[in-house]
Amino acid sequence: MYLTIVAMVWGLWLLAPWATFTASPTFAALSALVPEELLGAVLAGLGCLRGVALLLPGEHRTFRAACALLCSAAWMFVAGALIYSSPASTAAVTYPLYAVTSAWVYVRLLWRVP
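Quantities reported herein were computed from a predicted structural model and do not represent experimental measurements.

Section: the overall build of the chain
For the chain, the count of helices and strands is 5 helices and 0 strands. Taken from N to C terminus, the helices and strands of the chain fall in the order α-α-α-α-α. For 114 residues, the compact-globule formula gives about 13 Å, and the C-alpha radius of gyration of the chain, at 15 Å, lands near that figure. Expressed as lengths along the three principal axes of its C-alpha atoms, the size of the chain is roughly 45 × 30 × 20 Å. A burial count over the chain gives 41% of its 114 residues as buried. Just so you have it, the chain exposes about 6,600 Å², and 74% of that area is on carbon and sulfur atoms.

What to know about the packing of helix 1 (residues 2-15) against helix 3 (residues 36-55)
Look at helix 1 against helix 3: their axes get within 7 Å of each other, and the N-to-C directions meet at 150°. Here helix 3 runs roughly antiparallel to helix 1, going by the angle between their axes. As for how helix 1 packs across helix 3, the hand of that crossing is left-handed. Contacts from Leu3, Thr4, Ala7, Met8, Trp10, Gly11, Leu12, Leu14 and Leu15 in helix 1 reach Glu36, Glu37, Leu39, Gly40, Ala41, Leu43, Ala44, Gly47, Cys48, Arg50, Gly51 and Leu54 in helix 3.

Focus: the layout of surface pockets
Considering only enclosed or pocket space, the largest pocket measures out at about 160 Å³ in volume. Along the walls of the largest pocket sit Met1, Tyr2, Leu3, Thr4, Arg50, Ala53, Leu54, Arg64, Ala68, Thr101, Val105 and Leu109, which together make up its complete lining. Among the elements of the structure, helix 1, helix 3, helix 4 (61-85) and helix 5 (91-111) are those that each provide at least two residues to the lining of the largest pocket. Among the residues forming the lining of the largest pocket, the class breakdown is 8 nonpolar, 2 polar and 2 charged.

As for the state of the cysteines
Enumeration according to the criterion identifies 0 disulfides in this entry. In this structure Cys48 is a free cysteine whose sulfur lies 10 Å from that of Cys71, the closest cysteine sulfur available. Lacking any disulfide linkage, Cys67 is separated from the closest cysteine sulfur, that of Cys71, by 6.8 Å. When its relative accessible area of 2% is taken as the criterion, Cys67 is described as buried.

What counts, and where the lines are drawn
Residues numbered from 1 in each chain as written. Predicted model: local features only at pLDDT ≥ 70, side-chain atom pairs only at ≥ 80, totals over all residues. Heavy atoms only, no water. Helix = DSSP H or I, 4+ residues; strand = E, 2+ residues; numbered from the N terminus. Rg over C-alpha atoms; globule rule 2.2 N^0.38 Å. Buried < 20%, exposed > 50% of the residue type's maximum accessible area, 1.4 Å probe, protein only. Areas by Shrake-Rupley, 256 points an atom, 1.4 Å probe, with all protein chains shown as cover. Axes fitted to C-alpha atoms, helices over the stretch in contact; angles between N-to-C directions. Parallel < 35°, antiparallel > 145°, perpendicular 65-115°, else oblique. Left-handed = near helix turned anticlockwise from the far one by under 90°. Contact = heavy atoms within 4.5 Å. 1 Å grid on protein atoms, 1.4 Å probe; cavity = no way out; pocket = protein on both sides within 12 Å on 5 of 7 lines; lining within 4 Å. Points joined across faces, edges and corners; volume = space filled by probe spheres on them. Nonpolar A, V, L, I, M, F, W, Y, C, P; charged D, E, K, R; others polar. Disulfide = S-S within 2.5 Å.

What is shown is where atoms sit, not what they do.
Right, here's the structure in full:
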């Protein structure tokens, strides 16, 4: 649930009317790779999708796993770009952890015996 909220809040923050990527050099690589509005829409959308997946009954495990895998890929993209821009920032530990945690959810959902 935590990573669902983080994705939604991160996405909504990037969709806000102010320019987030220009606020810090840490966002330089992300700024060069993707417009912040697009990344905001993707993260907010993935967060909402994952939230819906959490509300569905247990037999929708494959959908939940797919959402977790997509979130893992998104967090790995964010992690790579932020670490490339600023290797000494806390992004080096925070966002890879989000990606690994989402990937672990994927693994547990698909390989768990019903």
